[in-house]
Amino acid sequence: MVRSKIAGLGFYVPKNVFTNEDLKNYMDTSDEWIQERTGVKERHYADRLGETTTTMGVEAAKIAIERAGTTAQDIDFIVFATLSPDYYFPGCGVLLQRALKMKEIGALDVRNQCSGFLYALSVADQFIKSGMYKNILVVGSEKHSFGLDFSTRGRNVTVIFGDGAGAVVLQPTTKERQGILSTHLHSDGESAEILAMYNPGTHANHWTPQAYAKFDDAAMGELFMSHTMIDEAQNFPYMDGPAVFKKAIVKMPEAVEEALAQNGLTSADINMLIPHQANLRIAQFVQQKLHLRDDQVHNNIQKYGNTTAASIPIALCEAWEEGKIKEGDLVCLAAFGSGFTWASALIRW
Ligand SMILES: CC(C)(COP(=O)(O)OP(=O)(O)OC[C@H]1O[C@@H](n2cnc3c(N)ncnc32)[C@H](O)[C@@H]1OP(=O)(O)O)[C@@H](O)C(=O)NCCC(=O)NCCS
């Protein structure tokens, strides 16, 4: 039986460290509030003009490709997950294909926010299992710092997020006890507006009684992003934090239990859980619900903040580099985020 294995993995975070103290120069907040509610101590921000979501993805990809014992020219498919792409279109996949001078291979962009990496991994897994591709590069990368509201108005969102990238190379394996055992993907669009960036977009205030964009007398040609939208700060992400929290602590453990049940395993069998680094309190709730010990979970939100599509590959790679994941270990990945979407993956390393 053919399965996909993670043959190489890498991560990249920009040099620039931004502490909670640094944020106080922009907004009314405190290190104490941020650490107590989110666990974040500091995050990394990309060089304002020198780095993009794609360039960070390229750095992570180079490491993953080398560790997989391949070259960029061996890669036969790209899946790139992000919510902060370099361009509205085209996606980051083609920019990465160009930057790494790859062959004219397929490049797919995934837009599933915090679950983006697991959706991307699942898509890649199907292509490997079907025999269509042999070396797939899966990237998760975000440059949040470019699109956040740094005034006090945006503090509940801005303090949580950071920049960075992670990447893996998937290859086929026929070893009996190795590879991705299963992936599980879910969504519930009822709560689409609870964690979202509405503008720029084509929604035209269609979906809810509440208007998310002020068009006023905007002319044709100004509807996508009008001056009023910018004046009213409607170009920043919105989050109902408590609503996200409540749903995440139910759906993340549910996704893990689903993966374990499908494979006839229990949470005691997990060697390492990598929860999406949404918020340390969410990860701790998930750990508690699954009755996992501290050594069975890897968290790093303290250092990087929430890096959305990059958070799982960064944490996975860091745990692996620290020797916390060894051959034969059962590794579980779990995510929850905007959409809502949530997902899990179970891997025999
Ligand atoms: C965002 C989150 C940390 C807010 O914590 P909370 O305890 O729910 O706080 P609330 O939003 O109810 O706000 C409580 C107070 O803190 C204030 N506050 C919000 N952000 C603040 C900040 N950065 N610094 C200081 N005060 C802040 C609010 O204005 C509010 O003040 P008020 O009581 O005077 O109105 C929390 O809801 C959360 O972590 N949710 C999950 C979010 C998440 O994981 N998102 C990523 C999903 S992938």
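For the structure itself, look to the data block above.
All of the points below concern the structure found in this document. Computed from a predicted structure; not experimentally measured.

Procedures and definitions
- Residues numbered from 1 in each chain as written.
- Predicted model: local features only at pLDDT ≥ 70, side-chain atom pairs only at ≥ 80, totals over all residues.
- Heavy atoms only, no water.
- Helix = DSSP H or I, 4+ residues; strand = E, 2+ residues; numbered from the N terminus.
- Rg over C-alpha atoms; globule rule 2.2 N^0.38 Å.
- Buried < 20%, exposed > 50% of the residue type's maximum accessible area, 1.4 Å probe, protein only.
- Contact = heavy atoms within 4.5 Å.
- Areas by Shrake-Rupley, 256 points an atom, 1.4 Å probe, with all protein chains shown as cover.
- Lys, Arg positive; Asp, Glu negative; His and termini not counted.
- Charge placed at Lys NZ, Arg CZ, Asp CG, Glu CD.
- Near = heavy atom within 4 Å.
- Polar contact = N/O pair within 3.5 Å; in protein donor to acceptor, adjacent residues only side chain to side chain.
- Nonpolar A, V, L, I, M, F, W, Y, C, P; charged D, E, K, R; others polar.
- Pairing = 2+ DSSP bridges.
- Axes fitted to C-alpha atoms, helices over the stretch in contact; angles between N-to-C directions.

Once that is clear, we can look at the overall build of the chain. Scanning the chain from N- to C-terminus turns up 11 helices and 13 strands. In terms of C-alpha radius of gyration, the chain reaches 20 Å, essentially the compact-globule figure of 20 Å for 349 residues. Viewed in the frame of its principal axes, the chain has a C-alpha envelope of about 65 × 45 × 40 Å. When burial is assessed residue by residue, the chain has 55% of its 349 residues classed as buried. For the chain, long-range pairs separated by at least 24 residues make up 76% of all intrachain contacts whose partners lie at least 6 apart in sequence. Carbon together with sulfur atoms contributes 51% to the accessible area of the chain, which is approximately 15,600 Å² in total. Of note, the chain has its 32 positive side-chain charges centred 5 Å away from the centre of its 41 negative side-chain charges.

Below, the discussion takes up the site of the ligand. What surrounds the ligand is a group of 21 residues, the closest being Thr29, Arg37, Cys114, Gly241 and Asn279. A distance of 3.3 Å separates an oxygen atom of the ligand from a polar atom in the backbone of Pro242. Computed on the free molecule, the ligand has an accessible area of 960 Å², of which 71% lies beneath the protein chains in the complex. Breaking the shell around the ligand down by element, the ones donating at least two residues are helix 2 (31-38), helix 6 (155-158) and helix 8 (241-262). Broken down by element, the shell around the ligand gets its largest block of residues, four residues, from helix 8. Its residues assigned to classes, the shell around the ligand shows 12 nonpolar, seven polar and two charged.

Next up on the list: unusual backbone geometry. That bond from Phe89 to Pro90 is cis: its omega, 0 degrees, falls within 30 degrees of zero. Structurally, Pro90 can be placed in the loop between strand 4 (77-81) and helix 4 (92-99). Phi angles above zero are rare outside glycine, and Gln113 is one such case at about 50 degrees. Along the polypeptide, Gln113 turns up in the loop between strand 5 (106-110) and helix 5 (116-129). Judged by its relative accessible area of 14%, Gln113 falls in the buried class. Even without glycine at this site, Ala204 takes up a positive phi of about 50 degrees. Among the secondary structure elements, Ala204 is positioned in the loop between strand 9 (195-196) and helix 7 (227-231).

The next thing to look at is the sheet that holds strand 6 (residues 136-142). One open sheet holds the five strands; their spatial order is 1-7-6-4-5, and the pairing between them is mixed. Taken across any chain shown, the strands that pair with only one partner, and hence form the sheet edges, are strand 1 (3-12) and strand 5. Averaged over neighbouring strand pairs, the angle between their axes works out to 20 degrees when direction is ignored. Note that strand 6 and strand 7 (residues 164-173) share seven bridges and pair antiparallel. Note on strand 7: the bridge partner recorded for Leu137 is Val169. Most of the contacts of helix 4 go to strand 4, to which it runs at about 130 degrees, and overall it touches strand 4, strand 5 and strand 6. In the packing of helix 11 (residues 311-321) onto the sheet, contacts are made with strand 1 and strand 7, and the angle to strand 1 comes to roughly 90 degrees.

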